[in-house]
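This is what each chain is made of:
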There are 2 protein chains.
Amino acid sequence: MKVKLSKDVLEANEAMAEANAARLQEAGVFAIDMMSSPGSGKTTILERTIDDLSDRLQIAVIVGDVSTTRDAERIEEAGAEAVQINTGGACHLDANMIRDVLDDVNLADCDILFIENIGNLVCPAGYVLGEAERVMVLSTPEGTDKPAKYPAMFRTCSVALLNKIDLSDALDVDVEDFADEIERVNPEMQTMAVSALTGEGMEEWYSWLQAGMDRMRQ
Amino acid sequence: MKVKLSKDVLEANEAMAEANAARLQEAGVFAIDMMSSPGSGKTTILERTIDDLSDRLQIAVIVGDVSTTRDAERIEEAGAEAVQINTGGACHLDANMIRDVLDDVNLADCDILFIENIGNLVCPAGYVLGEAERVMVLSTPEGTDKPAKYPAMFRTCSVALLNKIDLSDALDVDVEDFADEIERVNPEMQTMAVSALTGEGMEEWYSWLQAGMDRMRQ
């Protein structure tokens, strides 16, 4: 019974996500679902990305939060359009929530739409939203065992942004060890070592965004 | 319909948790549900606690994990009894899972039972397990905005272990700022600043554990 309900819910979600994806593709918008643990630095990465790219790209962000509008405020201060979804306690975004707010995004003038999911390494992995790509952020203080402990999340994303590499010395950790653990769980995954604080490594991320956008518009 | 199901599930969970709690109380076991984000240091805190207290207390740990048995292995290496629950993808423990493994714990020879929940700041808050106390771990790299962003978790726990204070300088953060943000969300919450790595601040935690155990046995 539990399994059946879950399957029905997921199938309904997938149908809705396909409709969202079609709408985004038609508008030429490159949509990315950003997922991570709480505190890994999703919002800081987006702030810097907006700051560095907004002179040449139109970026919008749908910000999911269990409570508060803090992240959406930070995104707007960074200079991008932000649309807030307050899930009122729910632990992940779903395709229906995204459909409900897509009307509020200026899709005609949007190149990249980031969907900042709830900070949670488990539940969001199971719900597609209509995104073209899934990206997850892992921060160095979380430890190298996260890929093996949360494999569904690591298997479903094409990119891992390994954030807070500026703390590597203080933590006495090696970026290579993270990359090895990620590769063991998902050999296809592209790991990009970055520091949203110092800007180190962000160029590779920006090139990946540009390539994804180019593919979307071919 | 969705709300009704959810309410039924939670009520069934609460009834099961009460039965677990009665069983634990009868055995004189002080049971603690430990919750946090992934990578905040729950297992490292438990390793040090076991190392420091196992000469005078019998400690057992029920370890919840979505995948892998790494944490249970670490707990056993530290010298405590460990019972693993692999949730196979589920994002929280529930009272039924705890009931299923309580037979595997040597309750007659147990003073403190830690239940290490899935790394997740959202879902575990909604499910009581039969614990006497709920404790959450927040680590300094996660940032000071977590209490406001995940209020349900902070309101349901009596203690916040603020871990990784050894990184305060590298992160340029102030322990007081975390305590202030926690107090704003839950004025009753007791914040203990600790480093499971260096051992700083752990004595206050051990005193709290001893006092809880004494209450349980009065």
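Before any of the text, the structure's been laid out above.
All values reported here derive from a predicted model rather than from experimental measurement.

A. Broad picture of the overall build of chain A. In terms of helices and strands, chain A carries nine helices and seven strands. Relative to a compact globule of 218 residues, whose C-alpha radius of gyration would be 17 Å, chain A shows 17 Å and is just as compact. Taking the principal axes of the C-alpha coordinates as reference, chain A spans close to 50 × 45 × 35 Å. Buried positions account for 57% of the 218 residues belonging to chain A. If you take every contact in chain A between residues at least 6 apart in sequence, the share linking residues at least 24 apart comes to 74%. Here chain A has roughly 9100 Å² of accessible surface; of this, 45% comes from carbon and sulfur atoms. Between the centroid of the 18 positive side chains of chain A and the centroid of its 41 negative side chains there is a distance of 7 Å.

B. Spatial organisation of the environment of A:Gly89. Looking at where A:Gly89 falls in the secondary structure, it is placed in the loop between β3 (81–86) and α4 (95–102). Since its relative accessible area comes to 40%, A:Gly89 is described here as partly exposed. Each C-alpha atom, one on A:Gly89 and one on A:Asp65, is 8.5 Å from the other, the two residues being 24 residues apart in sequence. Among all residues touching A:Gly89, those that are not within four sequence positions of it are A:Val66 and B:Val122.

C. Examining the nonpolar core more closely. One finds A:Met136, A:Met153, A:Phe154, B:Met136, B:Met153 and B:Phe154 to be the most contacted residues of the largest nonpolar core, which totals 42 residues. Every element with two or more residues in this core is listed here: β5 (133–139), α6 (151–156), β6 (159–163) and α8 (175–185) of chain A together with β5 (133–139), α6 (151–156), β6 (159–163) and α8 (175–185) of chain B. With residues near it in sequence (within four places) discarded, B:Met153 still touches B:Met35, B:Asn120, B:Leu121, B:Pro124, B:Ala125 and B:Met136. In terms of nonpolar packing, the next biggest core, distinct from the first, is built from 32 residues, A:Phe114, A:Leu161, A:Val194 and A:Trp208 among them.

D. View of the pattern of salt bridges. Here the structure, examined in full by the defined rule, presents 22 salt bridges over all chains. Measuring nitrogen to oxygen at the nearest pair gives 3.9 Å for the salt bridge that ties A:Asp71 to A:Arg74. Remark: A:Arg74 and A:Asp71 occur in helix α3 (residues 70–78); sequence separation between them is three residues, near one turn of the helix. Residue A:Asp71 is classed as buried on the basis of its relative accessible area, which comes to 1%. Judged by its relative accessible area of 25%, A:Arg74 falls in the partly exposed class. Ionic pairing is found between B:Glu47 and B:Arg74, a salt bridge with its closest N-O pair at 2.9 Å. Of this pair, B:Glu47 sits in helix α2 (residues 42–53) while B:Arg74 sits in helix α3 (residues 70–78), and the two are 27 residues apart along the sequence. A single salt-bridge network, built from bridges that share partners, covers A:Glu47, A:Asp65, A:Asp71, A:Arg74 and B:Lys149.

E. Expanded view of the relation of the copies chain A and chain B. Rotating chain A by 180° and moving it 0.0 Å along the rotation axis overlays it on chain B with an RMSD of 0.0 Å. What the rotation and shift describe, once combined, is the action of a two-fold rotation axis. Same-surface contact between copies: 100% of interface residues of chain A are shared with the interface of chain B.

F. View of the side chain of A:Arg134. Structurally, A:Arg134 can be placed in strand β5. A distance of 2.9 Å separates a polar atom in the side chain of A:Arg134 from the backbone oxygen of A:Tyr127.

G. Looking closely at the interface of chain A and chain B. Taken together, the 33 residues of chain A in the interface contact 33 residues of chain B. The three residues of chain A that bury the most area against chain B are A:Pro38, A:Arg70 and A:Lys149, which together make up 24% of that side's buried surface. Linking chain A with chain B are six salt bridges, by the criterion used here. Close ionic contact of B:Lys149 with A:Asp71 constitutes a salt bridge, the shortest N to O distance being 2.5 Å.

H. Region of interest: the pairing of β6(A). All names here are of chain A. Counting buried positions along β6 gives five out of five residues, so the element sits mostly inside the fold. Side chains of β6 alternate between two faces, with Val 159, Leu 161 and Asn 163 and Ala 160 and Leu 162 buried alike. Summarising the sheet, β5 and β6 pair through five bridges and their orientation is parallel. Residue Val 135 lies in a different strand from β6, and its bridge partner there is Val 159. Pairing between β6 and strand β7 (residues 190–193): four bridges, direction parallel. Residue pairing in the sheet places Leu 161 in a bridge with Met 192 of β7.

I. Region of interest: unusual backbone geometry. For A:Asp172, which is not a glycine, the phi torsion comes out positive at approximately 55°. Here A:Asp172 lies in the loop between α7 (168–171) and α8. Phi is positive for B:Lys164, close to 65°, though the residue is something other than glycine. Mapped onto the fold, B:Lys164 is located in the loop between β6 and α7 (168–171).

J. Representation of the packing of helix α2 (residues 42–53) of chain A against α3(A). Residue and element names in this part refer to chain A. As a packed pair, α2 and α3 sit with axes 9 Å apart at the nearest point and diverge in direction by 15°. Considering their axes alone, α2 and α3 lie roughly parallel with respect to each other. Note on packing geometry: the crossing formed by α2 with α3 is right-handed. Residues Thr 43, Thr 44, Leu 46, Glu 47 and Ile 50 of α2 form the contact with α3, whose own contacting residues are Asp 71, Arg 74, Ile 75 and Ala 78.

K. Representation of the sheet that holds strand β3 (residues 81–86) of chain B. All names here are of chain B. The sheet built from seven strands is open, its strands ordered β3-β2-β4-β1-β5-β6-β7 with parallel pairing. Looking at strand neighbours, the two that pair on one side only are β3 and β7 (190–193), the edges of this open sheet. Neighbour-to-neighbour, the strand axes of the sheet open up by a mean angle of 20°, direction not taken into account. Where strand β2 (residues 59–65) lies against β3, six bridges are found, and the strand directions are parallel.

Here is what the cut-offs are and how they apply
Residues numbered from 1 in each chain as written. Chains lettered and ligands numbered in written order. Predicted model: local features only at pLDDT ≥ 70, side-chain atom pairs only at ≥ 80, totals over all residues. Heavy atoms only, no water. Helix = DSSP H or I, 4+ residues; strand = E, 2+ residues; numbered from the N terminus. Rg over C-alpha atoms; globule rule 2.2 N^0.38 Å. Buried < 20%, exposed > 50% of the residue type's maximum accessible area, 1.4 Å probe, protein only. Contact = heavy atoms within 4.5 Å. Areas by Shrake-Rupley, 256 points an atom, 1.4 Å probe, with all protein chains shown as cover. Lys, Arg positive; Asp, Glu negative; His and termini not counted. Charge placed at Lys NZ, Arg CZ, Asp CG, Glu CD. Core = buried A, V, L, I, M, F, W, Y, C linked by side-chain atoms within 4.5 Å. Salt bridge = Lys/Arg side-chain N within 4 Å of Asp/Glu carboxyl O. Least-squares fit on C-alpha atoms with pLDDT ≥ 70 in both. Polar contact = N/O pair within 3.5 Å; in protein donor to acceptor, adjacent residues only side chain to side chain. Buried area = accessible area lost by both parts, 1.4 Å probe. Pairing = 2+ DSSP bridges. Axes fitted to C-alpha atoms, helices over the stretch in contact; angles between N-to-C directions. Parallel < 35°, antiparallel > 145°, perpendicular 65-115°, else oblique. Left-handed = near helix turned anticlockwise from the far one by under 90°.

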